[in-house]
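One-letter residues, chain by chain:
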Number of protein chains: 2
Amino acid sequence: MSKRTTINDIARELGLTSASVSRALNDHPRISVDTKKSVQAKALEMNYRQNKLASSLRSGKSHTIGVIIPSAQINFFGSVVHGIQNMASVNGYTIILYQSEENQALEQKAIETFLDARVDGILVSISKETTDYSHFVELKKKKIPLVFFDRNNESLKIPSVVIDDFKGAYRATAHLIEMGYRNIMHVTGAPHLKAFKDRLNGYKAAMADYKMPYSEASIYNGNISIESGKEAVDYFLSLETKPDAIFAVEDFSALGVMQRLKELKIIIPKEFGVIGFANESFGEYISPSLSTVDQQTVEMGKKSFELLLEIIENGVDDTSEENIILEPVLYFRESSRRVKLNQMAKY
Amino acid sequence: MSKRTTINDIARELGLTSASVSRALNDHPRISVDTKKSVQAKALEMNYRQNKLASSLRSGKSHTIGVIIPSAQINFFGSVVHGIQNMASVNGYTIILYQSEENQALEQKAIETFLDARVDGILVSISKETTDYSHFVELKKKKIPLVFFDRNNESLKIPSVVIDDFKGAYRATAHLIEMGYRNIMHVTGAPHLKAFKDRLNGYKAAMADYKMPYSEASIYNGNISIESGKEAVDYFLSLETKPDAIFAVEDFSALGVMQRLKELKIIIPKEFGVIGFANESFGEYISPSLSTVDQQTVEMGKKSFELLLEIIENGVDDTSEENIILEPVLYFRESSRRVKLNQMAKY
DNA sequence: CTGTTAGCGCCTTCAC
DNA sequence: GTGAAGGCGCTAACAG
């Protein structure tokens, strides 16, 4: 590894001081245009590249942010990271990636690592297993810029970027109603998760607003799996008033619903409508393709970085806890396409 | 941001020198157990955390590696990154992630960024659009540890971790033959890509070894898309000798094949077998589920990091260019499951 | 076994 | 506008 040229090297060549070279390279206001020119030329000629380590150590700014996701294997988070990294790169920031594997200890270790690396800020999607939030409280106390995305904890009062689950569910339900389905039921997930609760409420609100009948019996408590989607169908069809459409809390449940309906020779979307949530990658490729609600993952990543950057630049302000709520987008595919195409000009 | 405690602080408290404190903290051999103990205790008490920036600057080792992938949105790469980050974390390394977006300029920018950050090594999956490899040659000249994964360029003679495409294709084809299909044809992809060429050759070799008939007419030149899978079916069924099974170069083509066959009311797998390559996430959820060849993505990530670490520790050795070739794994699902279950004890 | 000294490469006062 | 000097926090070389 041959020695890299430093500002001292180019200072010596030009009969200047490293200080002036530094200033020239950093576009310092009080530096003559001439020396700036010559320094820049020399730097190019000598293949000079700034040592970020030294610069960061001295200036206290690393232009690096830490990102914690549960797993890079999960599509959703890969997509968010895509947005984050893009935006970071555009703004001259570098990202350190860490996976919590839904494990609190790893999440804490990630934060230690980030702190040791002197990151300028941290982006986190909280691990599911995290119950002790002291590491986040600690960051807040240290005034380290921090933004949660997708999964957050409201009691911590930390800025966040999330999707509007209520609105997404409301629209999904309203969509089924507008497609002409009349008896719409809902497969929900673990009720202690805010996202699922919001989706349930969105469903209820839409049903109420459109004056459609529903009761507690119209809701099946699943566990976000293909299997529970199938079980939901069995349950619903055992009821006296049977549904003609199902809004599932997420796509895997919706997939299970579709699979059982197909087994029972019930035709989708003619006899029965289905819509999911999350826009998982398989939805587009199954048949009929699955209507769903997209969670704006890339946008979430971009907005998260932007919000973090704002906090990094303007400082952590205790008084304003900004929470960005993204608009979910309905993906209208075959599984809910009951009306004929010529009737659907408005879509 | 309250001041962090440094080794000087704890040295002062203990009446020692920062040098001794540093040694104690780094488990230096020539340090008394007593001072080591007391220093560690004090460090804990004072909430000391090492400043990696300073340490890296001084020691020349950053314990950071750079990772370039085409896009975090692509499942395959998310999965590889999962493996890389896991392994890195276990070994005390931190990863900086960069996406090339299949763009040569961004790839070069990523390498500059990594060099500026003084990474200890770099992991790359080359961008598709990269035609000028000088940035990699430069790394080699600078003796920066470098390992390619999945996509590499053999003429560069750089260590790599890839999947054995030939073997995967051979097995997929052999599997169809063993399932009783007799007239197996192949949908290939862009022929200039090594992976696709290898898969084509694996197909041919299996056909030859099993003495099955095939000709150039048995091969359809597609463009790795659902559409080209459909077109392939149309082409194959126009032939005099029609196929009863298709091995597609990757899953999207296989999906197109299945969709067209279904449109034509040809029953899979009873009348027609299909197998793809890549184990895309949708394959498990379509019906019938798609048999495919898994590319060992997580393993690829882990092995890539391990190989890079070895090079970092033992130095770049011009003479030995290690290339790790991973065994692909056949995922035997419904689309090729022709024989009855009771005949399949061996699977 | 521990202290002294020096400096990694950069930036930031403070002078002039 | 530029130079001199110092130091960010740490580790390495050399003493002793």
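- Under the annotation held in an unreviewed UniProt entry, chain A carries the name Substrate-binding domain-containing protein and is attributed to Limnovirga soli.

### Some thoughts on the pairing of strand β5 (residues 160–163) of chain B
Residues and elements named next belong to chain B.
Piece 1. Covered by surrounding structure in β5 are S160 and V162 together with V161 and I163, the residues of both alternating faces.
Piece 2. As paired strands, strand β4 (residues 146–149) and β5 are joined by 2 bridges and run parallel to one another. Looking at β5, one finds that F148 is bridged to S160.
Piece 3. Where β5 meets strand β11 (residues 323–326), 4 bridges bridge the pair, whose relative direction is parallel. The residue of β11 that forms the bridge with S160 is N323.

### Overview of the protein's contact with DNA strand C
Piece 1. Around DNA strand C sit 25 residues, and of these A:Y48, A:R58, B:R23, B:R30 and B:R58 come closest.
Piece 2. Counted by atom, the contact set of DNA strand C within 4 Å of the protein is 57% sugar and phosphate.
Piece 3. Between A:N26 and DNA strand C, the recorded distance is 3.3 Å, taken from a side-chain N or O atom to a phosphate oxygen.
Piece 4. B:R58 is positioned with one of its side-chain polar atoms (N or O) 3.2 Å from a base nitrogen of DNA strand C.

### Some remarks on the sheet that holds strand β3 (residues 121–124) of chain B
Piece 1. Taken together, 12 strands build an open sheet; the order of strands is β11(A)-β5(A)-β4(A)-β3(A)-β1(A)-β2(A)-β2(B)-β1(B)-β3(B)-β4(B)-β5(B)-β11(B) and the sheet is mixed. Since the sheet does not close on itself, it has two edges, and those belong to β11 (323–326) of chain A together with β11 of chain B, each with one partner. Shown here is a sheet whose adjacent strand axes are inclined to one another by a mean of 20°, direction ignored.
Piece 2. Where strand β1 (residues 64–69) of chain A lies against strand β2 (residues 94–99) of chain A, 6 bridges are found, and the strand directions are parallel. Across the sheet, A:I68 pairs through a bridge with A:Y98, a residue of β2(A).
Piece 3. Across the sheet, helix α5 (residues 75–90) of chain B lies against β2 of chain A together with β1 (64–69), β2 (94–99), β3 and β4 of chain B, angled at about 80° from β2(A), the strand it touches most.
Piece 4. Docked against the sheet, helix α12 (residues 297–314) of chain B engages β1, β3, β4, β5 and β11 of chain B, running at close to 165° with respect to β4(B).

### Some thoughts on the sheet that holds strand β7 (residues 219–221) of chain B
Residues and elements named next belong to chain B.
Piece 1. Strand order in this open sheet of 4 strands is β7-β6-β8-β9, and the pairing throughout is parallel. Looking at the sheet topology across the chains shown, the edges are occupied by β7 and β9 (273–275). Averaged over all adjacent pairs, the angle separating strand axes in this sheet is 15°, with direction ignored.
Piece 2. Where strand β6 (residues 184–188) and strand β8 (residues 245–248) come together, 4 bridges link them in parallel fashion.

### Observations regarding the UniProt feature "domain: HTH lacI-type" (unreviewed entry) in chain A
Piece 1. Following the UniProt record, one finds the feature "domain: HTH lacI-type" (unreviewed entry) at residues 5–59 of chain A.
Piece 2. End-to-end, the C-alpha atoms of residues 5–59 of chain A are 20 Å apart, and along that stretch the chain is 67% helix and 0% strand.

### A few points about the relation of the copies chain A and chain B
Piece 1. Superposing chain A onto chain B takes a rotation of 180° plus a shift of 0.0 Å along the axis, which leaves an RMSD of 0.1 Å. Look at the turn and shift together and you get a two-fold axis relating the two.
Piece 2. Here 100% of the contact residues of chain A are again contact residues in chain B; the copies associate through an equivalent surface.

### Let's talk about empty space enclosed by the protein
Piece 1. Scanning the entire structure with this criterion turns up 2 cavities of 30 Å³ or more.
Piece 2. Empty space within the largest cavity amounts to approximately 50 Å³.
Piece 3. Lining the largest cavity, in full, are A:I69, A:A72, A:G78, A:V81, A:L97, B:I69, B:A72, B:G78, B:V81 and B:L97.
Piece 4. Elements supplying a minimum of two residues to the lining of the largest cavity: α5 (75–90) of chain A together with α5 of chain B.
Piece 5. Considered class by class, the residues forming the lining of the largest cavity number 8 nonpolar, 2 polar and no charged.

### What about the interface of chain A and chain B?
Piece 1. Contact with chain A, which involves 48 residues of that partner, is made by 48 residues of chain B.
Piece 2. Around 4,500 Å² of area is buried between chain A and chain B when both sides are counted, 51% of it from carbon and sulfur atoms.
Piece 3. Three residues stand out in chain A for area buried against chain B, namely A:L53, A:R118 and A:Y285, and they jointly supply 16% of the buried area on that side.
Piece 4. One can count 4 salt bridges joining chain A with chain B.
Piece 5. Of the charged contacts in the structure, one is a salt bridge between B:D116 and A:R49, with a shortest N-O distance of 2.6 Å.
Piece 6. Where chain A meets chain B, there are 24 residue pairs in polar contact (both at pLDDT 80 or more).
Piece 7. At the level of secondary structure, the elements contributing two or more residues to the side of chain A that touches chain B comprise α4 (52–59), α5, β2, α6 (104–116) and α11 (251–263) of chain A.
Piece 8. Looking at which element gives the most residues to the side of chain A that touches chain B, the answer is α5(A), with 8 residues.

### A closer look at the protein's contact with DNA strand D
Piece 1. DNA strand D sits among 26 residues. The nearest are A:R58, B:I7, B:S22, B:Y48 and B:R58.
Piece 2. A distance of 2.4 Å is found between a base nitrogen of DNA strand D and a side-chain nitrogen or oxygen belonging to A:R58.
Piece 3. Ranked by the residues each element gives to the surface near DNA strand D, the list is headed by helix α2 (residues 18–25) of chain B, at 4 residues.
Piece 4. Here the residues of the surface near DNA strand D are counted per class, giving 8 nonpolar, 12 polar and 6 charged.

### With respect to the nonpolar core
Piece 1. Judged by nonpolar contacts, the single largest core of 56 residues is most densely connected at A:I65 and B:I65.
Piece 2. B:I65 has contacts with B:I84, B:Y93, B:T94, B:I95, B:I96, B:V119, B:G121, B:L123, B:F305, B:L308 and B:I312, leaving out every residue within four places of it along the chain.
Piece 3. A:A254, A:V257, A:I286 and B:V257 belong to the second-largest nonpolar core, a separate cluster that totals 44 residues.

### As for the packing of α5(B) against α12(B)
All names here are of chain B.
Piece 1. Two numbers describe how α5 lies on α12: the axes approach to 7 Å, and their chain directions differ by 45°. With respect to their mutual orientation, α5 and α12 come out oblique. Relative to α12, α5 is oriented so that their crossing is right-handed. The segment α5 lies against α12, with F76, S79, V80, H82, G83, I84, N86, M87 and A88 engaging T297, V298, M300, G301, K302, F305 and E306.
Piece 2. Grouping the constituent residues of the contact of α5 with α12 by class yields 8 nonpolar, 6 polar and 2 charged.

### Details of the environment of B:A195
Piece 1. One can find B:A195 in helix α9 (residues 194–209).
Piece 2. For the pair B:A195 and B:D164, spaced 31 residues apart in the sequence, the C-alpha separation amounts to 8.6 Å.

### Examining unusual backbone geometry
Residue and element names in this part refer to chain B.
Piece 1. In this structure, P269 follows I268 across a cis peptide bond, with omega equal to 5°.
Piece 2. Residue S287 is joined to P288 through a cis peptide bond whose omega torsion reads -5°.
Piece 3. By secondary structure assignment, the location of P288 is in the loop between β9 and β10 (292–294).
Piece 4. Positive phi is not limited to glycine here, since K143 has a value of about 60°.
Piece 5. Counting through the fold element by element, K143 comes out in the loop between α7 (134–141) and β4.
Piece 6. Residue classification places K143 among the partly exposed residues on the basis of a relative accessible area of 37%.
Piece 7. A positive phi is found at Q296, a non-glycine position, where the angle reads about 55°.
Piece 8. Its place among the elements puts Q296 in the loop between β10 and α12.
Piece 9. Assessed through its relative accessible area of 22%, Q296 is described here as partly exposed.

Procedures and definitions
Residues numbered from 1 in each chain as written. Chains lettered and ligands numbered in written order. Predicted model: local features only at pLDDT ≥ 70, side-chain atom pairs only at ≥ 80, totals over all residues. Heavy atoms only, no water. Buried < 20%, exposed > 50% of the residue type's maximum accessible area, 1.4 Å probe, protein only. Helix = DSSP H or I, 4+ residues; strand = E, 2+ residues; numbered from the N terminus. Pairing = 2+ DSSP bridges. Near = heavy atom within 4 Å. Polar contact = N/O pair within 3.5 Å; in protein donor to acceptor, adjacent residues only side chain to side chain. Axes fitted to C-alpha atoms, helices over the stretch in contact; angles between N-to-C directions. Contact = heavy atoms within 4.5 Å. UniProt positions renumbered as here; feature names shortened; annotations may be inferred. Least-squares fit on C-alpha atoms with pLDDT ≥ 70 in both. 1 Å grid on protein atoms, 1.4 Å probe; cavity = no way out; pocket = protein on both sides within 12 Å on 5 of 7 lines; lining within 4 Å. Points joined across faces, edges and corners; volume = space filled by probe spheres on them. Nonpolar A, V, L, I, M, F, W, Y, C, P; charged D, E, K, R; others polar. Buried area = accessible area lost by both parts, 1.4 Å probe. Salt bridge = Lys/Arg side-chain N within 4 Å of Asp/Glu carboxyl O. Core = buried A, V, L, I, M, F, W, Y, C linked by side-chain atoms within 4.5 Å. Parallel < 35°, antiparallel > 145°, perpendicular 65-115°, else oblique. Left-handed = near helix turned anticlockwise from the far one by under 90°.

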